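Notes for the structure review
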Amino acid sequence: MSEQENSILTLIELLKRNSLLTTTTDDIKNEDDDDAECIRKLTKNRYKLIYSMCQATKVMDYLESVGVIPRSVCSRILHQYPVPEDRKRELINFVLSRGKHAFKPLIEALYLAGNQHLVQLLDENFLLSNLRQQLDAEYHFPTLVGGQPTVPTSIEDQQLRHMDTNIESIDNKISVDDLNNLEVTKFEDEVPMGFEVQLLTADLIEQYPQLDPTKRSNKCYRMLSKPRGYCLLINNVDAFKTMEVRQGSDVDASKLKSLFEQLGFIVLPRRNLTYTEMINVIENFANLIEEKKESCDCSIVIILSHGGNGTIYAVDELALNVDEHIISVFDDHLIGKPKLFIIQACRGSQCNNRSLSTGSNNIWSSDSITNENPRTIVDSGGHRSTMVPIRSDMAIWYSTVKDYVSWRSPDDGSIFIQSLITVFARTAWYYDLARMVTCVNRTMDEKFAAHESTPFQTPCFECHLRHDLYFNPGCCNENR
């Protein structure tokens, strides 16, 4: 081979190497760019991912099934982080550490768990992609309705337009009595941190057509908006001047926030408010729901604090009158739509004792400003003119009857709130509010009966609703 030929071959080899090097460099650069873009999207939407992701356990299960998260990491997150927001925060941190390799599976997991709003934020084209259709086929989700992507846990708009048959005319597959006897009506075990609400899915509606919210609208409040409504959650815990710290109340607040977010509400938590702050926050919330009355179907106010007879205490230990400063503020707001008030606080200092037995350990604390039993902790710590009757479309749910204390566990939260959360999470898909109230009463009675020396506690439900109130978790119709 001539010297000239050798030179040409050498040049060709050199060009090949340069080309390979350039290609490799470009590939690395592209990978870095992909990683950076995934991290940017996750970081930008971090808050929404943490505070609006539902079914986080399902998301982790899917990521584990496709090899993104090791089982040991899933177990660690589930056991080390009992608070739902902390659990989701750690999940996002892990996904961020895996970059683009975990980004696409995360979107798939979010979609399968019903978080379409988050999927849209991370990949606006996903819902129209072939991959989404493959997931639908593999996991037996409904396909397109009217050319639009479906939401597995929602009632479709197309269905809503055509479902005008009266509930009485349907040949139901199962009777209401059968529903009442389902296993989910057992509440011995409270739902843990990170619990998931049973949704009223399309499959359940197909199985139990009498549960279709579109076919009982004449008898019930409409509860299909997205969001369902707004929920104000005031939690006064540990900034009191002389009153005791309300240990366990943060457990209540965290699980309540998770419950009502899964029920479709936008939850607005507030912690350790003074008298003036509570007045302002409640009035501002009333104005908010009035502004949003066309786009939401319900409002909820939850207050966890020390209390007395007809009063709730702020952290500066000034008392708000429940009727004047809280309930009456909403008399002329969100007219014709349900307004639910949940108050965990004492309403006096009396104990609902069943016997004079002594010498036993009392595991409950109470929300009263006085403490007559050294083994317990106690949580006692003008009207507007309207065009409708006062209290119309309201339900006020007190943790205890007038003049009596309300009990709370420093470790597990209050027995009333924990019972409420458990009943709602397991039965809101087929029970109305009145039936769930009965379940909470029965559950609390059974729990207190298990501790012979512990005084009873009976919640008080004041109902001014004009229709049945079903929460219809998972069902929505965004077209108003």
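Here, the structure is the one placed above.
Residues numbered from 1 in each chain as written. Predicted model: local features only at pLDDT ≥ 70, side-chain atom pairs only at ≥ 80, totals over all residues. Heavy atoms only, no water.

**Topic: the pairing of strand 2 (residues 265-271)**
Filter applied, for reference: In short, DSSP must find at least two bridges between two strands for them to pair. The helix count covers DSSP runs of H or I at least four residues long, the strand count covers runs of E at least two residues long, and both are numbered beginning at the N terminus. Handedness of a crossover is defined as follows: orient the strands so they point away from the viewer, and if the path from the first strand over the helix to the second runs clockwise, the crossover is right-handed.
Examined bridge by bridge, strand 1 (residues 229-235) and strand 2 share seven bridges and lie parallel to one another. Pairing of Tyr 230 across the sheet is with Ile 266, part of strand 2. In this fold, the crossover linking strand 1 to strand 2 by way of helix 12 (residues 249-262) has right-handed handedness.

**Topic: the sheet that holds strand 5 (residues 311-313)**
Where we set the bar: Residue contacts are defined here by distance: any two heavy atoms, one from each residue, within 4.5 Å place the two residues in contact. Axis geometry follows a simple rule: fit a line to the C-alpha atoms, using only the stretch in contact for helices, then measure angles between N-to-C directions, giving values from 0 to 180 degrees.
Pairing is antiparallel in the open sheet, where three strands are placed in the order 4-5-6. Looking at which strands have only one partner, the edges of the open sheet turn out to be strand 4 (307-308) and strand 6 (319-321). Here helix 13 (residues 275-291) sits on the sheet and contacts strand 5 and strand 6; the angle it forms with strand 6, its principal contact strand, is near 30 degrees.

**Here's the deal with helix 13**
The criterion, for reference: What a helix should span is 1.5 Å times the count of its residues minus one. Per-residue accessibility, obtained with a 1.4 Å probe over protein chains only, is compared with the maximum for each type, and a residue is labelled buried under 20%, exposed over 50%, and partly exposed between these values.
Between its first and last C-alpha, helix 13 extends 25 Å over 17 residues, near the 24 Å set by a 1.5 Å rise per residue. The complete set of buried residues in helix 13 reads Met 278, Ile 279, Val 281, Ile 282, Phe 285, Ala 286 and Ile 289. Looking at the buried positions of helix 13, the neighbouring elements they touch are strand 1, strand 2, strand 3 (298-304), strand 5, strand 6 and helix 14 (322-327).

**Notes on helix 8 (residues 130-138)**
Let me state the cut-off plainly: The directions from the helix axis to the C-beta atoms are what the arc is built from.
By the burial criterion, the buried members of helix 8 are Arg 132, Leu 135 and Asp 136. Mapping the buried residues of helix 8 onto a view down its axis gives an arc of 100 degrees, with all of them on the same face. Away from its buried face by more than 90 degrees, helix 8 exposes Asn 130, Gln 134, Ala 137 and Glu 138.

**Points about the sheet that holds strand 1**
Pairing in this open sheet of six strands is mixed, and the strands run 2-1-3-7-9-12 from one edge to the other. Two strands lie at the open edges of the sheet, namely strand 2 and strand 12 (460-463), each paired on one side alone. Put simply, the sheet's adjacent strands are angled 10 degrees from each other on average, direction ignored. Two strands pair when backbone bridges link them, and strand 7 (residues 339-344) and strand 9 (residues 394-398) are joined in this way by five bridges, in the parallel orientation. In the sheet register, Phe 341 faces strand 9, and the bridge partner there is Ile 396. Sitting on the sheet, helix 16 (residues 433-449) touches strand 7, strand 9 and strand 12, and the angle it makes with strand 9 is about 10 degrees.

**Considering the side chain of Asn 236**
What counts is decided by this rule: Nitrogen and oxygen atoms within 3.5 Å of one another constitute a polar contact, given that in protein one can donate a hydrogen and the other can accept it, and given that sequence-neighbouring residues count only through two side-chain atoms.
For Asn 236, the location among the structural elements is in the loop between strand 1 and helix 12. Side-chain polar atoms of Asn 236 contact the backbone nitrogen of Asn 272, separated by 3.5 Å. Polar contacts involving the side chain of Asn 236 include one to the main-chain carbonyl oxygen of Tyr 313, which spans 3.3 Å. Ignoring any residue separated from it by four or fewer positions in sequence, one finds Asn 236 in contact with Arg 246, Arg 271, Asn 272, Leu 273, Met 278, Leu 304, Ser 305, Tyr 313, Ala 314 and Val 315.

**What about the packing of aromatic side chains?**
Put simply, the rule is: In this analysis, rings of Phe, Tyr and Trp, with Trp reduced to its six-membered ring, are considered paired at centre separations within 6.5 Å, and the interplanar angle assigns stacked below 30 degrees, edge-to-face beyond 60, and tilted for intermediate values.
Taken as a whole, this structure holds 13 aromatic pairs when the rule is applied. Measuring from centroid to centroid gives 6.3 Å for Phe 265 and Phe 471, while their planes differ by 55 degrees, and the two rings are tilted. For the ring pair Tyr 430 and Tyr 431, a centre distance of 4.3 Å and an interplane angle of 50 degrees mean the geometry is tilted. A relative accessible area of 3% places Tyr 431 in the buried class. Among the aromatic side chains, those forming a connected cluster through ring pairs are Phe 260, Phe 265, Trp 397, Phe 416, Phe 424, Phe 461 and Phe 471.

**Here we look at the packing of helix 3 (residues 56-65) against helix 5 (residues 84-98)**
How we decide: Note on terminology: angles under 35 degrees are roughly parallel, angles over 145 are roughly antiparallel, angles of 65 to 115 are roughly perpendicular, and the others are oblique. Each crossing gets its handedness from the near helix: less than a right angle anticlockwise from the far helix is left-handed, clockwise is right-handed. When residues are grouped by polarity, Ala, Val, Leu, Ile, Met, Phe, Trp, Tyr, Cys and Pro land in nonpolar, Asp, Glu, Lys and Arg in charged, and all others, Gly among them, in polar.
As a packed pair, helix 3 and helix 5 sit with axes 10 Å apart at the nearest point and diverge in direction by 30 degrees. In terms of orientation, helix 3 lies roughly parallel with respect to helix 5. Regarding helix 3 and helix 5, the two cross each other, and that crossing is left-handed. Note on element contacts: helix 5 touches helix 3 through Arg 87, Lys 88, Leu 91 and Val 95, opposite Ala 56, Thr 57, Val 59, Met 60 and Leu 63. The class makeup of the residues in the contact of helix 3 with helix 5 is six nonpolar, one polar and two charged.

**Section: the side chain of Ser 258**
Mapped onto the fold, Ser 258 is located in helix 12. Filtering out sequence-adjacent residues up to four positions away, Ser 258 remains in contact with Pro 84 and Phe 195.

**Thoughts on the nonpolar core**
What counts here: Grouping buried Ala, Val, Leu, Ile, Met, Phe, Trp, Tyr and Cys residues that are joined through side-chain atoms within 4.5 Å yields what is termed a nonpolar core.
By size, the foremost hydrophobic cluster in this structure holds 56 residues, and its most contacted members are Leu 259, Phe 260, Leu 420, Phe 424, Leu 433 and Phe 471. Considering each element in turn, this core owes the most residues, eight residues, to helix 15 (residues 415-427). Listed in part, the 34 residues of the second largest apolar core include Met 53, Ala 56, Tyr 62 and Leu 127.

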